[in-house]
Amino acid sequence: MSFENLLASAENGIGTITINRPAKLNALNRATINELNDAITAFDADTDVKVIIITGSGEKAFVAGADIAEFANFTEEEGEKLAALGQTLLFDFIENLGTPVIAAVNGFALGGGLELAMACHFRIASDNAKMGLPEVSLGVIPGYGGTQRLPQLIGKGRAMEMIMTAGMIPAEDAKAWGLVNHVVSQAELLDFTKTIAEKIAKNSPVAISKAITAVNAGFVKEGYNEEIRGFGQAFGTEDFKEGTTAFIEKRKPVFPGR
Ligand code: COA
């Protein structure tokens, strides 16, 4: 498989997808989201592939978020569509995939990057990784499932603090809070993740797929639509214009607020 923004290869029953826009810290633009859907669909259809690993290229970032430059001028309607389409093509798609998907978080996992890692069935991080949902610092809210999956993984109070402060937590805190299952050095990350993938690959793919469906069925779904609505509404605010303009102009935002 050949892509503009990804590397994808399969070996020993494990398909590895590397998001490959290191100059933009692997930020998720529309093309990358579409290519991820294509690569995951192809691996899921290949019965030789038992487990999929998603990671980022370079030493700095897993994914530093949705591509802010791409959506800074969007209207409310376009914002809402962006969130809804992204959730369908990538985030819900991964969460409900029958083939297990592991995120190997090799650096910054921010905004859409952390949301991508959280949509995967579980996460392993390198010790330099930093995780956060910085959206409110841009005048918007997480739009790819972050308001739902973060509290599921770390609890409501911690999720509220992370979302409201827009702060980042280091890998060790992420492990202590249950956001990632293991922390290893960056050099060991892919081999360690593959060792776990190999254990999974020995088990029944049919049973694993049913287990994924059963685990997911235990979680309430209503909040995702509320998130999409709130994300879209943010695009009509002065705070959003200021937040995204400040990011692009590399300065701190001054929010007009309510
Ligand atoms: N969208 C678009 N471009 C992004 C991006 C994003 N989410 N994150 C990083 N980039 C780009 C930067 O604009 C920069 O591009 P340039 O070299 O053409 O100016 C490049 O990636 C490198 O990022 P830079 O900010 O220079 O690196 P840094 O080491 O100083 O800071 C971060 C790293 C992750 C702290 C910083 O890039 C950041 O805050 N990114 C945005 C995180 C965010 O808010 N994500 C949520 C989006 S909803």
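Right above here is the structure, for reference.
Residues numbered from 1 in each chain as written. Predicted model: local features only at pLDDT ≥ 70, side-chain atom pairs only at ≥ 80, totals over all residues. Heavy atoms only, no water.

Draft legend 1. Fine view of the overall build of the protein chain. Regarding its fold elements, the protein chain presents eleven helices and ten strands. On C-alpha atoms alone, the protein chain measures out to a radius of gyration of 17 Å, which is about the 18 Å that the 2.2 N^0.38 rule sets for 258 residues. Across its three principal directions, the C-alpha atoms of the protein chain cover 55 × 35 × 35 Å. In the protein chain, which comprises 258 residues, the share counted as buried stands at 49%. Sequence-distant contacts in the protein chain: of pairs separated by 6 or more residues, those separated by 24 or more amount to 73%. (Helix = DSSP H or I, 4+ residues; strand = E, 2+ residues; numbered from the N terminus. Rg over C-alpha atoms; globule rule 2.2 N^0.38 Å. Buried < 20%, exposed > 50% of the residue type's maximum accessible area, 1.4 Å probe, protein only. Contact = heavy atoms within 4.5 Å.)

Draft legend 2. Empty space enclosed by the protein, seen in detail. For the structure on display, the rule yields one cavity of 30 Å³ or more. Its boundaries defined by the atoms lining it, the largest cavity holds a volume of some 40 Å³. Lining the largest cavity, in full, are Leu28, Asn29, Arg30, Ile33, Ala66, Asp67, Glu70, Phe71, Leu82 and Tyr144. Those elements that provide at least two residues to the lining of the largest cavity are α1 (30-45) and α2 (68-71). Residues of the lining of the largest cavity, tallied by class, amount to six nonpolar, one polar and three charged. (1 Å grid on protein atoms, 1.4 Å probe; cavity = no way out; pocket = protein on both sides within 12 Å on 5 of 7 lines; lining within 4 Å. Points joined across faces, edges and corners; volume = space filled by probe spheres on them. Nonpolar A, V, L, I, M, F, W, Y, C, P; charged D, E, K, R; others polar.)

Draft legend 3. Structural view of a negative patch on the surface. Together, Asp127, Glu172, Asp173, Glu188, Asp191 and Glu198 make up a negatively charged patch on the protein surface. For Glu198, the position within the fold is in helix α8 (residues 189-201). (Patch = residues over 30% accessible without salt bridge, like charges linked within 9 Å, V, L, I, M, F, W, Y side chains within 5 Å. Areas by Shrake-Rupley, 256 points an atom, 1.4 Å probe, with all protein chains shown as cover. Salt bridge = Lys/Arg side-chain N within 4 Å of Asp/Glu carboxyl O. Lys, Arg positive; Asp, Glu negative; His and termini not counted. Charge placed at Lys NZ, Arg CZ, Asp CG, Glu CD.)

Draft legend 4. Quick look at the pattern of salt bridges. Considering all chains together, one arrives at eight salt bridges under this definition. Here Arg229 ties to Glu226 by a salt bridge, and the two come within 2.8 Å at their closest N and O atoms. Within this pair, Arg229 and its partner Glu226 are both found in helix α10 (residues 222-234), separated by three residues, close to a single helical turn. By relative accessible area, which is 39% here, Arg229 ends up partly exposed. Notably, a salt bridge pairs Arg251 with Glu242, separated by 2.7 Å at the nearest N-O pair. Here the salt bridges share partners, and the residues they tie into one network are Asp92, Glu95, Arg149 and Lys221.

Draft legend 5. Main features of the nonpolar core. Counting residues in hydrophobic clusters, the biggest one holds 58 residues, and the most contacted among them are Ile17, Ile54 and Met131. Contact partners of Ile54, with chain neighbours within four places excluded, come to Ile17, Ile19, Ile40, Phe62, Ile94, Val101, Ile102, Ala103, Ala104, Leu116 and Cys120. (Core = buried A, V, L, I, M, F, W, Y, C linked by side-chain atoms within 4.5 Å.)

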